[in-house]
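# Tertiary structure, described
Now for the letters of each chain:
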Amino acid sequence: MPSFSLNRIDEMIDGLHALARNLWWTWTPDAQDLFFQLSERKWRSSNHNAVAVMNSVSRQELRARLCEKEFFERVEDILAQFRDYMMKKDTWWNAQKNRRGGELISYFTAEFGLHECLPIYSGGLGVLAGDHTKSASDLGVPFVGISLFYRNGYFSQTISPDGWQHESYPMLDPDQLPVELVVGADGKPVVVSVDIGHNPVLVRGYRVNVGRTVIYLLDTNLPENDLHHREITARVYGGDLTTRIMQEIVLGIGGVRFLRALGLYPSVYHMNEGHSAFLTMELLRERMLDGEDRETAERWVRSRCVFTTHTPVPAGHDRFTPDLMEFMLNGWCRSLGRTVCDILPYGQENPANPSDPFCMTVLALRMSRAANAVSELHGRVSREMWKHLYGVPAEQVPIGHCTNGVHMLGWMFHRTRVFWQRHLGEKWIYYLKSKAIWQQVADPELVSDEDLWALRYGLRRDLVEYVRRKVKAQYTRLGIDFTTVQDTILSPDALTIGFARRFATYKRAPLIFRDFNRIMELLHDDERPIQLIFAGKAHPRDDAGKRFIQQIVAHTKNSALLGKVVFLDDYDINVARHMISGVDVWLNTPRRPMEASGTSGMKILIHGGLNLSILDGWWCEGYDGENGWAIGGTEPPADPDVQDAADAESLYRVLSEQVIPEFYDRDEFGIPRAWIRRIRHSMVTLIPQFNTDRMVSEYVLRYYLA
Ligand SMILES: *Cc1c(COP(=O)(O)O)cnc(C)c1O
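Since we're looking at a predicted model, the values are computed, not measured.

Let's shift gears to the overall build of the protein. From N to C terminus, the protein includes 27 helices and 20 strands. Compactness check: the protein gives a C-alpha radius of gyration of 26 Å against a globular reference of 27 Å for 706 residues, within 12% of the reference. Across its three principal axes, the protein shows a C-alpha extent of roughly 80 × 80 × 55 Å. Out of the 706 residues belonging to the protein, those deemed buried represent 60%. By sequence separation, contacts in the protein at least 24 residues apart represent 74% of the contacts at least 6 residues apart. Computing the positive centroid from 80 side-chain charges and the negative centroid from 89, the protein places the two 3 Å apart.

As structure tokens, then:
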């Protein structure tokens, strides 16, 4: 092919490698398609990992492929798009008037959920952090993330024939992932040291490129470290409190030191949950070693730190005994010429009591200039929960709220993206937060009922097919004869209800089965069939959560429910993407007010799914009476059993009196007009609000640049 010089082709190969190592491709389907084209087999077997694909294709083969004109032009086009994205100057951030210049926002979090090929997240907290980063990139915010590189990740889940969850841990190979070891100018790895107990522990970092932003994942698995220190960063929330505190020392203290080793001095330190709050102590130490007195240093630290609290569940707030603190942090304290007794009061709810545990949330609250919850209701709950620290009435507690969102593009199923592009034009992705765009969707002239219903049907059918493929291995393991039931697993025409999230018990996955006869009746209405799809992992040490899984799995095996109730194992971002795009109704039944926000219900909006949820977290402020359905009321929490019974009763009533009749109320064309009106109204009222572009811009204006 004379028109392409070998130089040009080699340049493009380098471009493809660079593209694979920037997670921009995770929200750019055309880029994903290139990697899929290069090796469909590897793309699938690696859980959609562009780096693994690139590693599996030789340079010779790439050259040959690039000699095909069509492929060459597609690569050229994507690389140009990527370059434009990376170089874009007229970003939202650059248009902000109150920038001083030179800002850098650092964001510390124990987990990042960026993509299924990088399983270093356990649930919503990590997914939120990932979506936050992607929007920070889209908006042009100067942003750097800090977390840990868990080489055994979070576990893969399989379900044994008795319905019990089993965990196995992957072994992540950095060479096969979209990460790269951070090296200095001398080509040697950048390594910092933190004191844990009496030992210095060495920490290195892996860099993840997420569009225009960068994340550093810290890793203690260096040969120089003792074996048990090498294990610190092995697993997401692995081990006991001892592992937990060591992870948090690496994250908070090691994180600040790693930034310094790179010459980075952020203007803001955002703690995404309290796990990283030791960073405030490290900043304090830096200032004091520089000669500042303690009060001045504290003021400085507070002026730089902001904190987001994510849960009212007590187990979500780490508490360490003074003994454990002493054991783990005495070396660090000595380097400051202090003892642990000097730092304990920063994290004790009652500093007058020397044996009061050290709470990471308390530390973060005390050492931040601003703190926020993740929904309006969660703000109220948090002010009540922490008012004793401030000695003021709850209304005056300085904890605000910034409601969570989702990164719409990253959650968009390909079919949906093509649909919106066709209806809203080329530039629509830039106006996702614009009410005007979604107002247009309310107009059937622009998107007809027929088109919307066809999209819904297509997405539901895609999900049914995905489930049928996915459950094959699982059914065989459970002892169900897959071949005979295959075609009766779910129906592409039935009202499809999804429930997927971590199986923390407060989320009450089995609530819909509380009155078995009632739900059986609904599942067995041949005129108006419904079907249920579940997925989710329980924390390895949460036996109560595992029993919930067991209950659901038992229903899926019940011959009366076979094919109508399905549990998908190994819930991850990929399973989530399939579920949130295909379901008609997303079910959410937390014990109010324990769900701080919840974000999975926001992922369905753009696909035309509807929420059916307890008025908790984001839904408490999102629901307007017509953009979905509410379960239960807003009364103060009752006795758990009473609350469960009342909420289940409400759920059955809403389902049988509202949801099911509306879905099956069809006109002569087979179209449920009222249902589609509700979808439009859901899109118009919710999409502009519950996305991370809106969320990150609020963080910027109210916290980062304030
Ligand atoms: C979105 C998401 C979550 C969070 O779901 P919630 O409803 O907020 O609990 C958890 N895990 C995965 C894989 C997700 O994609």
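Structure's up, so let's keep going.
Turning next to the environment of Thr 109. Residue position: Thr 109 is located in the loop between β1 (105–108) and α7 (124–139). Looking at Thr 109, the relative accessible area reads 1%, which means it is buried. For Thr 109 and Gln 60, which are 49 residues apart along the polypeptide, the C-alpha to C-alpha distance reads 41 Å. With residues up to four places along the chain from it excluded, the contact list for Thr 109 reads Ala 129, Ile 146, Ser 147, Leu 251 and Asn 272. Polar side-chain contacts of Thr 109 include one of 3.1 Å to the side chain of Asn 272.

Take the packing of α7 against helix α27 (residues 692–704) next. Relative to each other, α7 and α27 sit at 80°, their axes nearing to 9 Å. Between α7 and α27, the interaxial angle falls into the category roughly perpendicular. Here α7 contributes Leu 128, Asp 131, His 132, Ser 135, Ala 136 and Leu 139 to the contact with α27, which in turn contributes Thr 692, Asp 693, Met 695, Val 696, Ser 697, Tyr 699 and Tyr 704. By residue class, the composition of the contact of α7 with α27 is seven nonpolar, four polar and two charged.

Looking now at the pattern of salt bridges. Overall, the coordinates contain 44 salt bridges when judged by the stated rule. The closest approach of N and O atoms between Arg 477 and Asp 569, which form a salt bridge, is 3.0 Å. Remark: Asp 569 occurs in the loop between β17 (565–568) and α22 (573–582) and Arg 477 occurs in helix α18 (residues 449–478); sequence separation between them is 92 residues. For Arg 477, a relative accessible area of 35% corresponds to the partly exposed category. By relative accessible area, which is 7% here, Asp 569 ends up buried.

Attention now moves to helix α11 (residues 294–304). Among the residues of α11, Ala 297, Glu 298, Trp 300 and Val 301 are the ones counted as buried. The buried residues of α11 occupy one face: seen down the axis, they fall within an arc of 160°. With a side-chain oxygen lying 3.1 Å from the backbone nitrogen of Glu 295, the N-terminal cap of α11 falls on Asp 293.

With that out of the way, let us pick up the site of the ligand. In the region of the ligand, 14 residues are neighbours, and Trp 411, Lys 507, Thr 599, Ser 600 and Lys 603 sit closest. At 2.4 Å from an oxygen atom of the ligand is found a side-chain nitrogen or oxygen belonging to Ser 600. Between the ligand and Lys 603 there is a distance of 2.6 Å, counted from an oxygen atom to a side-chain nitrogen or oxygen. In isolation the ligand has 390 Å² of accessible area, and contact with the protein removes 96% of it. Among the secondary structure elements, those contributing two or more residues to the shell around the ligand are α7, α22 and α23 (600–603).

With respect to the helices and strands, the residue Gln 96 is situated in the loop between α6 (69–87) and β1. A distance of 3.0 Å separates the side chain of Gln 96 from the backbone oxygen of Trp 92, its partner in a polar contact. Excluding residues that lie within four positions of it along the chain, Gln 96 makes contacts with Leu 701 and Leu 705.

Attention shifts here to the side chain of Ser 581. On the secondary structure map, Ser 581 appears in helix α22. Here Arg 577 takes part through its backbone oxygen, which lies 2.9 Å from a polar atom of the side chain of Ser 581. Those residues in contact with Ser 581, other than ones at most four positions away along the chain, are Phe 413, Arg 456, Leu 459 and His 607.

So, on to the nonpolar core. Grouped together as the largest cluster of nonpolar side chains are 238 residues, with contacts concentrated most on Phe 35, Phe 278 and Trp 420. Ranked by residues supplied to this core, first place goes to α18 with eleven residues. The residues contacting Trp 420, other than those within four sequence positions of it, are Met 412, Gly 425, Trp 428, Trp 438, Val 441, Val 447, Ile 606 and Met 683.

Below, the discussion takes up unusual backbone geometry. Cis geometry is adopted by the peptide bond preceding Pro 593, which originates at Arg 592 and carries an omega value of 0°. With respect to the helices and strands, Pro 593 occurs in the loop between β18 (585–588) and α23. One non-glycine residue with positive phi stands out, namely Arg 508, at about 50°. Inspection of the secondary structure puts Arg 508 in the loop between β15 (495–500) and α20 (516–523). For Arg 508, a relative accessible area of 3% corresponds to the buried category. One non-glycine residue, Asp 570, lies in positive phi territory at about 60°. Looking at the element boundaries, Asp 570 is found in the loop between β17 and α22.

As for its position among the elements, Val 179 is in the loop between β4 (165–168) and β5 (180–181). Residue class for Val 179 comes out buried when judged on its relative accessible area of 2%. As for Val 179 and Tyr 206, which are separated by 27 residues in sequence, their C-alpha atoms are 5.9 Å apart. Leave out the neighbours within four places in its chain, and Val 179 touches Arg 21, Leu 118, Pro 174, Tyr 206, Arg 207, Val 208 and Leu 217.

What follows concerns the environment of Asp 162. Relative to the assigned elements, Asp 162 resides in the loop between β3 (156–159) and β4. It is 7.4 Å that separates the C-alpha atoms of Asp 162 and Gln 550, two residues lying 388 residues apart in sequence. Separated by 2.2 Å, the side chains of Asp 162 and Ser 160 make a polar contact. Polar side-chain contacts of Asp 162 include one of 3.3 Å to the backbone nitrogen of Trp 164.

Conventions and cut-offs
- Residues numbered from 1 in each chain as written.
- Predicted model: local features only at pLDDT ≥ 70, side-chain atom pairs only at ≥ 80, totals over all residues.
- Heavy atoms only, no water.
- Helix = DSSP H or I, 4+ residues; strand = E, 2+ residues; numbered from the N terminus.
- Rg over C-alpha atoms; globule rule 2.2 N^0.38 Å.
- Buried < 20%, exposed > 50% of the residue type's maximum accessible area, 1.4 Å probe, protein only.
- Contact = heavy atoms within 4.5 Å.
- Lys, Arg positive; Asp, Glu negative; His and termini not counted.
- Charge placed at Lys NZ, Arg CZ, Asp CG, Glu CD.
- Polar contact = N/O pair within 3.5 Å; in protein donor to acceptor, adjacent residues only side chain to side chain.
- Axes fitted to C-alpha atoms, helices over the stretch in contact; angles between N-to-C directions.
- Parallel < 35°, antiparallel > 145°, perpendicular 65-115°, else oblique.
- Nonpolar A, V, L, I, M, F, W, Y, C, P; charged D, E, K, R; others polar.
- Salt bridge = Lys/Arg side-chain N within 4 Å of Asp/Glu carboxyl O.
- Arc of directions from axis to C-beta.
- Near = heavy atom within 4 Å.
- Areas by Shrake-Rupley, 256 points an atom, 1.4 Å probe, with all protein chains shown as cover.
- Core = buried A, V, L, I, M, F, W, Y, C linked by side-chain atoms within 4.5 Å.

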